[in-house]
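Okay, here's what each chain looks like letter by letter:
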Amino acid sequence: IFLVRGSEGLYMVNGPPHFTESTIFPRVNIINVTNKRLLHSFDLPKTVCLEFSPKNTILTTWQPYTTSKDGTAGIPNLQLYDVKTGTCLKSFIQKKAQNWCPSWSEDEIICARNVNNEVHFFENNFNTIANKLHLQKINDFVLSPGPQPYKVAVYVPGSKGAPSFVRLYQYPNFAGPHAALANKSFFKADKVTMLWNKKATAVLVIASTEVDKTGASYYGEQTLHYISTNGESAVVQLPKNGPIYDVVWNSSSTEFCAVYGFMPAKATIFNLKCDPVFDFGTGPRNAAYYSPHGHILVLAGFGNLRGQMEVWDVKNYKLISKPVASDSTYFAWCPDGEHILTATCAPRLRVNNGYKIWHYTGSILHKYDVPSNGELWQVSWQPFLDGIFPVKTITYQAVPSEVPSEEPKVATAYRPPALRNKPITNSKLHEEEPPQNMKPQSGHDKPLSKTALKNQRKHEAKKAAKQEARSDKTPDVTPTPVPQNIPQNTISQSTSGNPEIDKKIKNLKKKLKAIEQLKEQAAAGKQLEKNQLEKIQKETAILQELEDLELGI
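These notes cover the structure that comes with them. (Residues numbered from 1 in each chain as written. Predicted model: local features only at pLDDT ≥ 70, side-chain atom pairs only at ≥ 80, totals over all residues. Heavy atoms only, no water.)

The grouping of F384, L385 and I388 at the surface amounts to a nonpolar patch, some 330 Å² of accessible area in total. By the secondary structure assignment, L385 is in the loop between β33 (376–381) and β34 (436–437). (Patch = residues over 30% accessible without salt bridge, like charges linked within 9 Å, V, L, I, M, F, W, Y side chains within 5 Å. Areas by Shrake-Rupley, 256 points an atom, 1.4 Å probe, with all protein chains shown as cover. Salt bridge = Lys/Arg side-chain N within 4 Å of Asp/Glu carboxyl O. Helix = DSSP H or I, 4+ residues; strand = E, 2+ residues; numbered from the N terminus.)

What follows is about the pattern of salt bridges. Counted according to the given criterion, the structure contains 11 salt bridges. The network of salt bridges with common partners includes E516, K519 and E539.

Turning our eyes to something else, we now look at the sheet that holds strand β13 (residues 140–143). An order of β13-β14-β15-β16 is seen for the 4 strands of this open sheet, with the pairing classed as antiparallel. Unpaired on one side and paired on the other, β13 and β16 (182–186) mark the two borders of the sheet. Going across the sheet, the axis of each strand differs from the next one's by a mean of 15 degrees, ignoring polarity. One ladder, built from 4 bridges, connects β13 with strand β14 (residues 151–156); its direction is antiparallel. Each bridged residue has a counterpart across the sheet, and for D140 the counterpart in β14 is Y155. (Pairing = 2+ DSSP bridges. Axes fitted to C-alpha atoms, helices over the stretch in contact; angles between N-to-C directions.)

Reading across the sheet, the 4 strands line up as β29-β30-β31-β32 and stay open at both edges, with antiparallel pairing between neighbours. In this open sheet, the two strands that pair with only one neighbour each are β29 (330–333) and β32 (364–369). Adjacent strand axes in the sheet meet at a mean angle of 10 degrees, parallel and antiparallel pairs treated alike.

One pass over the full model with this rule turns up 19 aromatic pairs. A centroid spacing of 5.2 Å and a plane angle of 80 degrees characterise the contact between F384 and F389, whose relative ring orientation is edge-to-face. Given the relative accessible area of 39%, F384 is considered partly exposed. Counting every residue linked through ring pairs, the aromatic cluster contains F121, Y150, Y169, Y171 and F174. Across the ring face of Y396, the terminal group of K318 is positioned such that the distance to the ring centre comes to 4.2 Å. (Phe/Tyr/Trp six-rings, centres within 6.5 Å; stacked < 30°, edge-to-face > 60°. Buried < 20%, exposed > 50% of the residue type's maximum accessible area, 1.4 Å probe, protein only. Lys NZ or Arg CZ within 6 Å of the ring centre and 35° of its normal.)

Turning to the environment of V311, a few remarks are in order. Note that V311 resides in strand β27 (residues 309–313). Residue V311 is classed as buried on the basis of its relative accessible area of 1%.

Take the nonpolar core next. Nonpolar side chains tend toward joint burial in soluble globular proteins. Core analysis: the largest hydrophobic core is formed by 18 residues, its most contacted members being F121, L133, V152 and Y169. Looking at this core, the elements that each hand over two or more residues are β10 (110–115), β11 (118–123), β13, β14 and β15 (164–170). No other element matches the 3 residues that β14 contributes to this core. Discounting residues that sit within four places of it in the chain, Y169 has contacts with L133, L135, Y150, K151, V152, V154, F174, A179, A180 and L181. (Core = buried A, V, L, I, M, F, W, Y, C linked by side-chain atoms within 4.5 Å. Contact = heavy atoms within 4.5 Å.)

When you tally the buried positions in strand β7 (residues 78–82), you get 4 out of 5 residues, the bulk of the element. By the bridge criterion, 5 bridges tie strand β6 (residues 58–62) to β7 in an arrangement that is antiparallel. Among the inter-strand pairings, T61 is bridged to a residue of β7, identified as Q79. Relative to strand β8 (residues 88–92), β7 runs antiparallel, the two being bridged by 4 bridges. Bridging from a neighbouring strand, Y81 pairs with C88 of β8. Where β7 folds back onto β8 in an antiparallel hairpin, the turn is made up of 5 residues, including G86, whose phi is positive at roughly 85 degrees.

Written out as structure tokens, the structure reads:
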């Protein structure tokens, strides 16, 4: 079942394969979807936000905070209702809409709120504060998923030259200078997004600034940090400069995907050592969505992009399909891990509102377009607990559908009048990078893609031909020895004639330059991160690879 909310009202639709509106459910009431009856009705006309607790035992509602004309304090505007009885369990004053909703552990044993630089924890009732976590100017916190022991990540913004930091704690051990499980400090952070993995063993932190002082990006600056509950932390090195659009954990908790860099953006899967595992190359994308079982990944370009999607089998790193969901503003996986919901909703877009149900192989199974005088505000799948739907074998053949496939509209590029009668040249603004497996294999630091292997064979053949030509022309001339005082990583301006190899040489020299800078920082007494130390250890292998490539130049 999925829920639809818009100018036509609130109603439910039966999911695949029927896609019929449920006539049992009236459009104006909140009901129990199991026994099909009305539970409660609340007289809260100004409510703008509502949320259920993880086990659906408590309904939380929020309405804008208001004060009276004489300046006296307003009435509580955050209410917690018992779903079973309909009684109000507790009311709080919550002035800001940001982080309005309390956070629960998945078993609902603890509930937490951020109140005046403190995180207040409640256990089983809301009349007594069970524990407090106090830090100077706590801005945000996130409870870990899963069962006990509970963990919490807290963010404190920097001030007066002091860095911002994120700390991890295990509930309720908050006292003492060494109570934190891990601590990560950083500069350049006006706000952060903290993402726990499913097993609650690590947190990814996206640190963002509102303004990029270098002027390189309209979106400000972003950095990605990794923090483990065992105390380890690292800066995730992203090979391409530019914004970080999205970061998502796989449900396995052993890897994560980042979408980043100026358009066309890169997408890379990293392991828990923050090493790249697979690079999807570049493309028009700004979002990533793992399936509930973690075996399929969708890379998508929504918002100001055209809605291109790439559906990947991430066990075998094989592309399944490339559907296009034009003008989409919303995406959600069905809990069964097979179906996908995309929608165009108001107020993000007020025209062409509607939703589509897809199979991950690219087939549109159902489509609904809102009438031109109406709007669609929200669409949502019915939630299910993990494990209800078993993992199915991935298929690459598009499933049959009665809904005709839509061919994406191809926009004709503008051509100035002076060029309209001349032949079209196939020129590109950006050189696209192909996907590449980054997993290390025996005998190699990184495995080579098919293209790289082909170029390597060409290079070896060319190298052998050059050496043979030299020996034929100058058999008696002793080759000039290379001066020993010239460092191996001296930048050379020579080219091989092969753009792929030249690009690889250039990248290797960039890595060596970065390693030199890290070594200088270490010599100056700066404490390096774990992944930065691992970078330095790879210097010898990079030098050897560079030497092998330059031999044929």
